[in-house]
Amino acid sequence: MKIDIITLFPHMFDGVFEESILKRAITSRKVEINFYNFRDDSKDPHHKVDDTPYGGGAGMVLMAQPIFDCVEKLRTEQSKVILLTPSGIVYKQKVAYDLSKEKHLILICGHYEGFDERIRTLADMEVSIGDYVLTGGEIPAMVLVDSITRLLPGVINERSHIEDSFNENYLLDYPTYTKPRNFKGMKVPEVLISGDHKKIEEFRYQESVKRTKERRPDLWNK
Ligand code: ADE
């Protein structure tokens, strides 16, 4: 998969994709990630990318031209263009699964106080990572890249994402433990040491159900 990220602040991403699973996914070419600073596409002599809003109001608004030109040079028939904005659909694991099947994603990071409404016409989809407002779309773009990349074939053990919280079953993860068996008086449940795989599976399922009912009745009711 190829992911192009359109942002005024490519350095915000420094480090994020240079460790651990994402780094491995990039070096093994499971995913290719490129950054485009749309300031480079501005036709303004001073490379301006924002201006005051028509009708007045506080703050500056991202202009349509630089982002249009940037998207248009990257977009092909296979591209899916996603605008990160608090007014998009709320991001869920199901959306990550669907997007992990795409060949080419173009992520547009808005910034400042807002963007020219006409930029929305570029997007195949608008995504919000939750009901709160961030300073821009960069952190949401990182969230999408991380959650999508781990679902690409060969990036992590596929069993891990079948068992993820928020998969199609809408159950939270069951508790897991590692050595030692007794840590500060907190003991690993006996069943996990029993070697009885059927019992272990049943225990995990029941714990997932219990945790989901307690913590996320909204998911359980689905
Ligand atoms: N930009 C600012 N806040 C955002 C959010 N919650 N989701 C996506 N993009 C954003």
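Refer to the structure printed above.
What you are looking at is a predicted structure, and each value in this text was computed from that prediction instead of being measured.

Engineer: Explain the site of the ligand to me, please; I cannot follow it from the model alone.
Structural biologist: In the vicinity of the ligand, the contacting residues are Leu84, Thr85, Pro86, Val127, Ser128, Ile129, Gly130, Tyr132, Val133, Leu134, Gly136 and Pro140. Between threonine 85 and the ligand, the recorded distance is 3.2 Å, taken from a backbone N or O atom to a nitrogen atom. In the environment of the ligand, a nitrogen atom lies 2.8 Å from a nitrogen or oxygen atom belonging to the backbone of tyrosine 132. The fraction of the free accessible surface of the ligand (260 Å²) that becomes covered by protein chains is 95%. At the level of elements, β5 (79-90) and β7 (125-128) are the ones that each hand at least two residues to the shell around the ligand.

Engineer: Teacher, can you tell me more about the side chain of asparagine 34 here?
Structural biologist: Looking at where asparagine 34 falls in the secondary structure, it is placed in strand β2 (residues 32-36). For asparagine 34, the side chain forms a polar contact with the side chain of glutamate 32, separated by 3.0 Å.

Engineer: For this particular structure, what's the right way to read helix α2 (residues 64-74)?
Structural biologist: Side chains of residues three or four places apart in an α-helix project in the same direction, reflecting 3.6 residues per turn. Considered for burial, the residues of α2 that qualify are Ala64, Pro66, Ile67, Cys70, Val71 and Leu74. The elements touched by buried residues of α2 are β1 (2-6), β2, β4 (61-62), β5 and β6 (104-109).

Engineer: So what exactly am I meant to see when it comes to the packing of aromatic side chains here?
Structural biologist: Aromatic ring pairs are reported here in terms of the distance separating the ring centres and the angle at which the planes meet. Scanning the model with the defined rule gives three aromatic pairs in all. Considering the side-chain rings of phenylalanine 13 and phenylalanine 35, the 4.9 Å spacing of their centres and the 45° angle between planes classify their relative orientation as tilted. Of this pair, phenylalanine 13 sits in the loop between β1 and α1 (20-27) while phenylalanine 35 sits in strand β2, and the two are 22 residues apart along the sequence. Between phenylalanine 17 and phenylalanine 35 the ring centres are 6.3 Å apart and the planes differ by 15°, which places this aromatic pair in the stacked class. Here phenylalanine 35 lies in strand β2 and phenylalanine 17 lies in the loop between β1 and α1, a separation of 18 residues in the sequence.

Engineer: I would appreciate a short explanation of the nonpolar core in the present structure.
Structural biologist: A general feature of soluble globular proteins is that nonpolar side chains tend to end up buried together. Ile5, Ile82, Tyr91, Leu99, Leu107 and Leu144 are the most contacted members of the largest nonpolar core, which totals 31 residues. Looking at this core, the elements that each hand over two or more residues are β1, α1, β5, α3 (93-99), β6, β7 and α4 (138-149). Top element by residues in this core is α4. It accounts for five residues. Aside from chain neighbours lying at most four places away, what touches isoleucine 82 is Leu99, Leu105, Ile106, Leu107, Ile108, Met125, Val127 and Leu144.

Engineer: What is the right way to read the pairing of β5 from this model?
Structural biologist: Along any regular strand, the residues point their side chains to alternate faces of the sheet. Pairing analysis gives six bridges linking β5 to β6, with the strands arranged parallel. Along β6, the bridge assignment pairs leucine 83 with isoleucine 108. Of the strand pairs in this sheet, β5 and β7 are connected by five bridges, and their pairing is parallel. Across the sheet, residue leucine 84 finds its bridge partner in β7, namely valine 127.

Engineer: How should I be thinking about the pattern of salt bridges in this particular structure?
Structural biologist: It is possible for side chains of opposite charge to pair when their charged atoms get near one another. Tallied over the entire structure, the rule returns nine salt bridges. We note a salt bridge from aspartate 124 to arginine 75, for which the minimum N-O separation is 3.5 Å. Of this pair, aspartate 124 sits in the loop between β6 and β7 while arginine 75 sits in the loop between α2 and β5, and the two are 49 residues apart along the sequence. On the basis of relative accessible area, aspartate 124 is assigned to the partly exposed category, the value being 44%. A relative accessible area of 31% places arginine 75 in the partly exposed class. Of the charged contacts in the structure, one is a salt bridge between aspartate 218 and arginine 216, with a shortest N-O distance of 2.9 Å. In this structure aspartate 218 comes out as partly exposed when scored by relative accessible area, which is 43%. Via salt bridges that share partners, Glu117, Arg120 and Glu126 belong to a single interconnected network.

Conventions we followed
- Residues numbered from 1 in each chain as written.
- Predicted model: local features only at pLDDT ≥ 70, side-chain atom pairs only at ≥ 80, totals over all residues.
- Heavy atoms only, no water.
- Near = heavy atom within 4 Å.
- Polar contact = N/O pair within 3.5 Å; in protein donor to acceptor, adjacent residues only side chain to side chain.
- Areas by Shrake-Rupley, 256 points an atom, 1.4 Å probe, with all protein chains shown as cover.
- Helix = DSSP H or I, 4+ residues; strand = E, 2+ residues; numbered from the N terminus.
- Buried < 20%, exposed > 50% of the residue type's maximum accessible area, 1.4 Å probe, protein only.
- Contact = heavy atoms within 4.5 Å.
- Phe/Tyr/Trp six-rings, centres within 6.5 Å; stacked < 30°, edge-to-face > 60°.
- Core = buried A, V, L, I, M, F, W, Y, C linked by side-chain atoms within 4.5 Å.
- Pairing = 2+ DSSP bridges.
- Salt bridge = Lys/Arg side-chain N within 4 Å of Asp/Glu carboxyl O.

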